[in-house]
Amino acid sequence: MHPRFNFAKASPDSYKAVVALENFVQSSGLERRFIHLIKLRASQINGCAYCVDMHVKEARHDGLSEQWINLMCVWWESPVYDDRERALLRWVDSVTKIAQTGIPDADFEPLKQHFSEEEIVKITVAIGTINIWNRLAVGFRSQHPVDAASKAA
């Protein structure tokens, strides 16, 4: 896979608009673990290697466990996530896959039990924002950095 072109250089104004949205998400007051959950799960769904690599590293840096990070791709089968995280993961899946899900009430109702309306709007904006980043990175074939290989113990 080869990068198509640098989208930030091709349209600096577009890039700045998405960065402004990202800055809102980062300062929205949402818990960091929820922001990591949103970014990593949506990036997994969208097949964005660049963003998965970035958000795994950021989640580790912020102290989230390897198990919490690694099992996110199969969250519905793991007891490692609490009820709030599970409701949020269901919402991320539903909103990210909107064409398939139509975002049914069954995915919204659990969210209402754990988050205020204001939080739900901020969460949904965060989901939309990472979906924009994913579409840019996948669409223009952004390459994630390759870490130095480590030797097996």
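What you see is a predicted model; the values in this text were computed from it and never measured.

(A) Molecular detail of the nonpolar core. Membership of the largest hydrophobic core comes to 35 residues, with the highest contact counts inside it found for Leu37, Ile38, Leu88 and Ile123. Looking at this core, the elements with two or more residues in it are helix 2 (12-26), helix 3 (32-46), helix 4 (49-61), helix 5 (66-70), helix 6 (83-96) and helix 9 (117-139).

(B) Representation of the packing of helix 4 against helix 9 in the model. Orientation of helix 4 relative to helix 9, taken along the N-to-C sense of each, is 130 degrees, at an axis distance of 8 Å. In terms of axis orientation, helix 4 runs oblique to helix 9. On helix 9, the residues touching Tyr50, Cys51 and His55 of helix 4 are Ile130, Trp133, Asn134 and Ala137.

(C) Quick look at the pattern of salt bridges. Under the counting rule described, the total for this entry stands at 13 salt bridges. Between Asp107 and Arg90 there is a salt bridge, with its nearest N and O atoms 3.3 Å apart. Taken together, the residues span a long stretch of sequence, with Asp107 in helix 8 (residues 105-114) and Arg90 in helix 6 at a distance of 17 residues. Taking relative accessible area as the criterion, Arg90 reaches 34% and is therefore assigned partly exposed.

So, how was this worked out
- Residues numbered from 1 in each chain as written.
- Predicted model: local features only at pLDDT ≥ 70, side-chain atom pairs only at ≥ 80, totals over all residues.
- Heavy atoms only, no water.
- Core = buried A, V, L, I, M, F, W, Y, C linked by side-chain atoms within 4.5 Å.
- Buried < 20%, exposed > 50% of the residue type's maximum accessible area, 1.4 Å probe, protein only.
- Helix = DSSP H or I, 4+ residues; strand = E, 2+ residues; numbered from the N terminus.
- Axes fitted to C-alpha atoms, helices over the stretch in contact; angles between N-to-C directions.
- Parallel < 35°, antiparallel > 145°, perpendicular 65-115°, else oblique.
- Contact = heavy atoms within 4.5 Å.
- Salt bridge = Lys/Arg side-chain N within 4 Å of Asp/Glu carboxyl O.

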